[in-house]
Amino acid sequence: VYRHEMPLPEPDRRGTHGLNVVHSDAMVFGSYAVFTTDLAADAQLIKRTSDVLNMYFCIADARIRNNRLMARLQNNLYLDPATGLSNLKGLIRWYRQYADHPEHHLRPIALAVRSVNRYSWILETHGMEETENVVQVVSEALRASFQEALILARLNEDQFAAVCAAEDQARITEQMEIA
C-alpha cells in the first residue's frame, strides 16, 4: 500500500508504474503502486486487484460503522435521548451492577424521586418543544445539585430520580426539592 508521504517509485524504461486509489464510496483509505512490463496483458489483473482491495476496504469500513452503530444503539437503550440521563432501564442496569459488588452492601443509598410540576399543563399549553426544553433545564439543575450522586435518571416523561449515598437523607430530599 502506498501512502501519500512515501516517494513515488523510480521511473523505469522497461515497464510501467501505476498508482491506484483504495476507497470505500467517497472515503479514500490510501493508494497502492503497481509495476508491470506489459500493461496490456496485466490490465485485467491490475483491475481485479483494485476491485478486491476496494471490496475488502468497503467490507472493513461497513463492519466498523456497523459496530459503532450497534454500540450506540445498545447505549441508547439505557439513556433518555432528551436529557442524556439514564432512563428507567439504565437505572435498573446500574443498580444490578452496583449490587453485584459485596462492598456496596454495607453502604446505605437513598433514592429521591421528583416529578416536574405541571408537566401536563406545560405540554398542553406550550407544546412538545417547550416541554423538552423544560425537561432539559430540570436535568441540568439536577446535575448541578447532585454532583455527588451515584446516578441520575429520568424515569418517565415527568419524573426524575437521584441515587445518592444515604449519609444525610434529609439533605438529599432538600436538594431534590430545590432542583
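Heads up: the structure comes first, above all this text.
Thresholds, definitions, all that
- Residues numbered from 1 in each chain as written.
- Predicted model: local features only at pLDDT ≥ 70, side-chain atom pairs only at ≥ 80, totals over all residues.
- Heavy atoms only, no water.
- Core = buried A, V, L, I, M, F, W, Y, C linked by side-chain atoms within 4.5 Å.
- Buried < 20%, exposed > 50% of the residue type's maximum accessible area, 1.4 Å probe, protein only.
- Helix = DSSP H or I, 4+ residues; strand = E, 2+ residues; numbered from the N terminus.
- Contact = heavy atoms within 4.5 Å.
- Pairing = 2+ DSSP bridges.
- Axes fitted to C-alpha atoms, helices over the stretch in contact; angles between N-to-C directions.
- Polar contact = N/O pair within 3.5 Å; in protein donor to acceptor, adjacent residues only side chain to side chain.

A. Molecular detail of the nonpolar core. Leu-85, Val-116, Tyr-119, Val-135, Val-138, Leu-142, Phe-146, Ala-149, Leu-152, Phe-160, Ala-162 and Cys-164 together form the largest nonpolar core, which totals 12 residues. Of all the secondary structure elements, the ones that give two or more residues to this core are α3 (119-145) and β5 (159-165). The biggest single contributor to this core is α3, with 4 residues. With residues up to four places along the chain from it excluded, the contact list for Leu-85 reads Tyr-78, Leu-79, Asp-80, Ser-139, Arg-143, Leu-152, Ala-153, Arg-154 and Phe-160.

B. Structural view of the sheet that holds β5. Strand order in the open sheet made by the 3 strands is β3-β5-β4, with antiparallel pairing throughout. Lying at the two open borders of the sheet, with one neighbouring strand each, are β3 (109-115) and β4 (151-154). The sheet shows a mean angle of 15° between the axes of neighbouring strands, direction not considered. Running at roughly 175° to β4, α3 makes contact with β4 and β5 of the sheet.

C. Expanded view of the side chain of Thr-36. Among the secondary structure elements, Thr-36 is positioned in strand β2 (residues 27-36). A distance of 3.1 Å separates a polar atom in the side chain of Thr-36 from the backbone nitrogen of Asp-38.

D. Representation of the side chain of Asn-54 within the structure. You can see Asn-54 is positioned in helix α1 (residues 39-76). A residue is classified by how much of its surface remains accessible, and Asn-54, at 13% relative accessible area, is buried. With residues near it in sequence (within four places) discarded, Asn-54 still touches Val-21, Val-22 and His-23.

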